[in-house]
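Chain by chain, the residues run as shown.
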Amino acid sequence: MKSQARTRDLDQIQLIDLDPKHRAALEAQPIDYELPGLGQHYCVECAKYYETDNALKSHWKSKVHKRRLKELKEPAYTIEESERAAGLGRENKRATALTASSSIPSTELDAVMS
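Only a predicted model underlies this, so the values are computations on that prediction, with no experimental measurement involved.

K.L.:
Help me understand the overall build of the protein in this model?
P.N.:
Helix and strand counts for the protein come out as seven helices and two strands. Along the protein, from the amino end to the carboxyl end, the secondary structure elements read α-α-β-β-α-α-α-α-α. Considering only intrachain contacts with a sequence separation of at least 6, the fraction spanning at least 24 residues in the protein is 30%.

Structure follows, in structure tokens:
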């Protein structure tokens, strides 16, 4: 079974590719015989090469491209947010959340936590 080609992640595109200096370099690439369309037709937001200019222009009108633009408008996750989502946040934050949401008196909760 063949796997799908992996494209750049949204945070990589937001932090690196959309930077004006880097974007200009991506849009004006030298001719590369290994890339589709000789590397001349590149969508920065979707990180994809296209064979012709017409293919690139029709891609800009597509739902896939518009959906990607909408996703890129949202800010990228920070490392702190990703650690909190994985449950790696500070322990005292978890204990206060547990205390506030439970009906166990704090003295019994302290005995359980230690």
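K.L.:
Explanation requested: the side chain of Asp 17 in the structure shown.
P.N.:
As for its placement among the helices and strands, Asp 17 is situated in helix 1 (residues 10-17). Separated by 3.4 Å, the side chains of Asp 17 and His 22 make a polar contact. Discounting chain neighbours no more than four positions away, the residues touching Asp 17 are Arg 8, Gln 12, His 22, Arg 23, Leu 26, Tyr 42 and Val 44.

K.L.:
Even after reading the chapter, I still don't get the environment of His 22, so can you show me in this structure?
P.N.:
Within the fold, His 22 resides in helix 2 (residues 20-27). Take His 22: its relative accessible area is 32%, and that puts it in the partly exposed class. Considered as a pair, His 22 and Val 44 are 22 residues apart in the sequence and their alpha carbons are 9.8 Å apart. In this structure, His 22 is in contact with Ile 16 and Asp 17, ignoring residues within four places of it in sequence.

Thresholds applied
- Residues numbered from 1 in each chain as written.
- Predicted model: local features only at pLDDT ≥ 70, side-chain atom pairs only at ≥ 80, totals over all residues.
- Heavy atoms only, no water.
- Helix = DSSP H or I, 4+ residues; strand = E, 2+ residues; numbered from the N terminus.
- Contact = heavy atoms within 4.5 Å.
- Polar contact = N/O pair within 3.5 Å; in protein donor to acceptor, adjacent residues only side chain to side chain.
- Buried < 20%, exposed > 50% of the residue type's maximum accessible area, 1.4 Å probe, protein only.

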